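# Tertiary structure, described
So the chains spell out like this:
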Amino acid sequence: MKKISLDQEQLSLAKFNSSGPFAIKGIAGSGKTTVGLKRLQYLRTKATSEDKILVVTYHKVLTDYLKYLGDEGEDIFEEEVLDNQELFQHKKEEDKKPCGVDIINIDKLVHQYYSKYRDLKKNHKHYKSLPRFTSPYRDLHETFMQSLEILKDRYPDSKVLKRDYNFLKKEIDFINNCRIVSEKSYQIFSRVGRNRNEEQKYTIPKKSQARRELFELRREYNNNLIIQGKMDFPVMRLLAIRYISENPPMCYQHIIIDECQDLDRSRMDFLKFFLKDNNTTTATFLYDNAQSIYEGSWLGNGHAFSSLGINILGNRSRILKYNYRTTYEIQSAAQSLIKHNNYKQEIEPVMINKGGVKPFLAECKTQADHDKYIIDTIKNQERNLDLKDIIVACRTNQEAERLTLVISDSGIDCTHFRSSQNNFKNNTVRVMTINCTKGLESEMVILANLNKDVIPVNSKDPIQALQDLRILYVGMTRASNILHLVSYEESSPFIQNMPLDSFKLVDLEQYQEFVLLEKDMKQEVRSLISQLMDELALFEQIRNEYRPESNFQECFENLMTGVINIERITDKAEEIHVKLDQNSSLKNLISSFIETCLLKKHLAREEMMKFSRCPFKMESRKKNLEKRYPYFSEESIQSLASIGHLTQQNQKESIDYSSFISGFSKILEIELHNIFEERSYFDNANFEGTKQFGSGTYKLYDILKYIYHHVSGTLNDINESLEYINFRKQRNKATHAHCVRLEEYEVIEKEMLRPNGIIDMLHDQLEKE
Ligand SMILES: Nc1ncnc2c1ncn2[C@@H]1O[C@H](COP(=O)(O)OP(=O)(O)OP(=O)(O)O)[C@@H](O)[C@H]1O
């Protein structure tokens, strides 16, 4: 498991040391759960052995995931937790044993107390037949319809009671979930988050006869359930609360609640009973309203903590806005989903440093094509990813069940993750509903069955549509590197509303072509691409490392301008290498550069050309390139165009590799030189300079992208090169956020040179040799 070094803000939140409630709001991937885990570690080392800590999540799957992270990740953090916090001054020296921790999902906890209530009432004339668990849908539906009939007899002219089952049941659940216990409160209750204009017909006016009838329906239904020995979740929670309000439960010194935007009022109220009543207890709330996916969500629908009697003031409410998880491209697509479907996000995310490939959109014709695409995609990744790094998620459990069978039948190990025990250690593909992916993450996520009328289930119901939009947003933001969106017949309107450039559209025929290639061949192509990337990263690296020394500039420029073909590059490099002092780290860099060049030459010659394709003729190719790269010099355009031309002509024959490389090198030479020129801006350390530098790297990046695309012409899944991702890692911030300050850029640079960075890897490699 990777080591994490928390940023300053995260660390200060993990070690926030005053008692009382404390809220951390943050965008998807900003490290809320990570901070929660660190905070748990911190509180644990500080609390006494009599204390207990409760960690609560909404979903069982997330609970299992946290337990897994807790087990695996005893030392996932780089930093030591500091001592001396006032909060723990009461801790005695001799009491060093760690306190106990309960990690549980909220509904399991509710069920425990409901069971106690059931035991207590086993001889009560009305409550004696309470069931152990919730009843099947069929039974609940039956009781509901009976209760509705009673109400219809009572109010024969009622309009609201003529609404369909889903509408009415949702409203009754809403009343129960919000713990609205009198008709008077219901009459004046505002349903935050509903847009009145568009959803007039879905809102029920305040102080109306309709609300009276609905409230009576709720009473009738709740009573009938209990009398008939049936149970649903909202009523179960009310009974559990009734129990703990009369029989105080075992209390906790600290409570951490992850994803608490999903909790409705009854769950939040329930949890409040578990906090010890003393002046050293803490409650940490971790949440993100953009990921609120349930209608009854309390915070998620805009209610304030104060409405729960919880006061979170001043620096007790903090925001995390740096996205550490996803790539720039995935985050942009998720933002575009939100923007183009008219939803406004509370916190504007800031990308930290990751670049990758756009999400793949595969719009298949039939369900069979859809399933095949998913299977091929998984098989295709087998060499690069473990199966457990892949999540396949869809809207419903029924579809998840079906996909699990289909994927298993193709010989891939795969498990349906849901409410039963979920083992995160097993190396199998994880199939689940998108709701269950909440709080999880994975290298690769395949969102399946994104069809019209599946998501949103009912686009005419704006509340449902908003929930489903957030569900899709949650699903998309689970992917750390690769995201596939797959549909068949007709895609979800959410996707149709997004601009096409948010995705990389999959040409299904070409995809098949790649899938059919031999595994070894694929691997070679990947390795070739990554070597090219390495080499370019190295140029950059050398330049960055020796920026302050003027003689380096000369040396570097010699290296660059002397480039005509690969032999010349290596010769020049060797020349410099000989001249350098034995201890110079530049010497090592150049050694590895030479190694890379030679290796590249060896591997690239044959394979590179096999996979190059370019569909244009020379002149149209040039025009196209000019349009695409308006800031490129004429010479660069000419060279790029001839590379394409050359490679196309030589596609099937043995090729003149050195001409290819000379074109390629020419571009590098020109564009890197341009960047060099911009160094004066960079040295001025002002805003403009950074911007200019940003555009400089952008040029280089675009060349890379072009070459990458070119080399991997037929490969639609251009996601396999880790090096590619690494190389781009530090670029996005300067490229896309035009207002990055120089200091920030320097932080990024340091990050590039951090331990285990590219330089270290090269040194290690050399040492091994
Ligand atoms: N300071 C950091 N440095 C590097 N990686 C980090 C840092 N903070 C968090 N991460 C990583 O970012 C990813 C997302 O973190 P985490 O799951 O805690 O975010 P989250 O805010 O809970 O996300 P979500 O709300 O989407 O579930 C994890 O892989 C985590 O290891």
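Residues numbered from 1 in each chain as written. Predicted model: local features only at pLDDT ≥ 70, side-chain atom pairs only at ≥ 80, totals over all residues. Heavy atoms only, no water.

Per an unreviewed UniProt entry, the protein carries the name UvrD-helicase domain-containing protein and comes from Halosquirtibacter laminarini.

## Examining the site of the ligand
For clarity, the cut-off: Proximity is defined per residue: if any heavy atom of the residue lies within 4 Å of a molecule or strand, that residue is considered near it. Any pair of N or O atoms that falls within 3.5 Å is considered a polar contact. Within protein, one atom must be able to donate a hydrogen and the other to accept it, and sequence-neighbouring residues count only if both atoms are side-chain atoms. Residues were grouped as follows: Ala, Val, Leu, Ile, Met, Phe, Trp, Tyr, Cys and Pro as nonpolar; Asp, Glu, Lys and Arg as charged; and all remaining residues, including Gly, as polar.
Residues in close proximity to the ligand total 21 residues, the closest being Gln 10, Lys 32, Thr 34, Glu 441 and Arg 478. Between an oxygen atom of the ligand and a main-chain N or O atom of Gly 29, the distance comes to 2.9 Å. Measuring from an oxygen atom of the ligand, one finds a backbone N or O atom of Gly 31 at 3.0 Å. A per-class count over the shell around the ligand returns 5 nonpolar, 9 polar and 7 charged.

## As for helix H12 (residues 328-339)
Rules: Secondary structure counts use DSSP, requiring at least four H or I residues in a row for a helix and at least two E residues in a row for a strand, with both numbered from the N terminus. The span one expects for a helix is its residue count, reduced by one, times 1.5 Å. Think of it in three bands: residues with accessible area under 20% of the maximum for their type are buried, residues over 50% are exposed, and the middle band is partly exposed, with areas taken using a 1.4 Å probe on protein chains only.
Counted at 1.5 Å a residue, the expected span for H12 with its 12 residues is 16 Å, and the 16 Å between its end C-alpha atoms agrees. Among the 12 residues in H12, 9 count as buried, and that is most of the element. Among the residues of H12, Glu 329, Ile 330, Gln 331, Ala 333, Ala 334, Gln 335, Ser 336, Leu 337 and Ile 338 are the ones counted as buried.

## What to know about the sheet that holds strand S14 (residues 479-488)
The condition that has to hold: Strands qualify as paired when DSSP identifies two bridges or more between them.
Pairing is parallel in the open sheet, where 7 strands are placed in the order S11-S12-S10-S13-S14-S9-S15. A single partner strand is all that each edge strand has here, and the edge strands are strand S11 (414-416) and strand S15 (504-505). Pairing between S11 and strand S12 (residues 429-433): 3 bridges, direction parallel. Across the sheet, residue Thr 415 finds its bridge partner in S12, namely Arg 430.

## A closer look at the sheet that holds strand S5 (residues 282-287)
Cut-off, in case you're wondering: For helices, the fitted line uses only the C-alpha atoms of the stretch in contact; every axis is such a line through C-alpha atoms, and the angle between N-to-C directions lies from 0 to 180 degrees. The contact rule is simple, with two residues in contact once any of their heavy atoms fall within 4.5 Å.
The 6 strands lie next to each other as S3-S2-S4-S5-S1-S6, forming an open sheet whose pairing is parallel. Two strands lie at the open edges of the sheet, namely strand S3 (100-105) and strand S6 (317-320), each paired on one side alone. The mean angle between the axes of side-by-side strands here comes to 15°, regardless of whether they run parallel or antiparallel. Across 4 bridges, strand S2 (residues 52-57) lies against strand S4 (residues 254-257) in parallel orientation. Note on S4: the bridge partner recorded for Ile 53 is His 254. The strands touched by helix H2 (residues 32-46) are strand S1 (20-26), S2, S3, S4, S5 and S6; relative to S5, the strand with the most contacts, the crossing angle is about 165°. On top of the sheet, helix H4 (residues 106-120) reaches S2 and S3; it is set at about 100° to S3, its chief contact.

## Points about helix H15 (residues 462-476)
The first and last C-alpha atoms of H15 sit 21 Å apart over 15 residues, in line with the 21 Å expected at 1.5 Å per residue. Most of H15 is tucked away: 14 of the 15 residues are buried.

## Some details on unusual backbone geometry
Cis geometry is found at the peptide bond from Ile 455 to Pro 456, where omega equals 0°. The residue Pro 456 is located in the loop between strand S13 (442-447) and H15 in this model. In this structure, Glu 259 is a non-glycine residue whose phi angle is positive, near 50°. With respect to the helices and strands, Glu 259 occurs in the loop between S4 and helix H11 (265-272). Residue class for Glu 259 comes out buried when judged on its relative accessible area of 5%. A positive phi is found at Asn 449, a non-glycine position, where the angle reads about 55°. In this structure Asn 449 comes out as buried when scored by relative accessible area, which is 7%.

## Some thoughts on the nonpolar core
The following threshold applies: The definition of a nonpolar core used throughout is a set of buried Ala, Val, Leu, Ile, Met, Phe, Trp, Tyr and Cys residues joined through side-chain atoms within 4.5 Å. Where a domain begins and ends is set by an automatic assignment or by a domain database.
Judged by nonpolar contacts, the single largest core of 124 residues is most densely connected at Phe 270, Phe 285, Leu 447 and Met 476. For this core, the domains that each give at least three residues are domain 1 (126-241) and domain 2 (328-516). Sequence-distant contacts of Leu 447, that is, excluding residues within four places in its chain, are made with Ala 393, Ile 434, Leu 472, Gly 475, Met 476, Leu 483, His 484, Leu 485 and Val 486. By size, the runner-up hydrophobic cluster in this structure holds 27 residues, among which are Tyr 373, Leu 385, Leu 403 and Ile 412.

## Describing the packing of aromatic side chains
Our working definition: Pairing of aromatic side chains requires ring centres within 6.5 Å, counting the rings of Phe and Tyr and the six-membered ring of Trp. Pairs whose planes differ by under 30 degrees are stacked, by over 60 edge-to-face, and all others tilted. Consider the ring centre and the ring normal. A charge sits over the ring if Lys NZ or Arg CZ is within 6 Å of that centre and within 35 degrees of that normal.
What the rule picks out here adds up to 17 aromatic pairs. Between Tyr 58 and Tyr 294, the aromatic rings sit 4.8 Å apart at their centres with planes inclined by 25°, giving stacked as the arrangement. Of this pair, Tyr 58 sits in the loop between S2 and helix H3 (60-72) while Tyr 294 sits in the loop between S5 and S6, and the two are 236 residues apart along the sequence. A network of ring pairs unites the aromatic residues Tyr 113, Tyr 243, Tyr 252, Phe 270 and Phe 274 as a single cluster. The ring of Tyr 127 has Lys 121 sitting right over it, with the charged end atom 5.7 Å from the ring centre. Of note, Arg 211 hangs over the ring of Tyr 186, and the distance from its end group to the ring centre comes to 5.1 Å.

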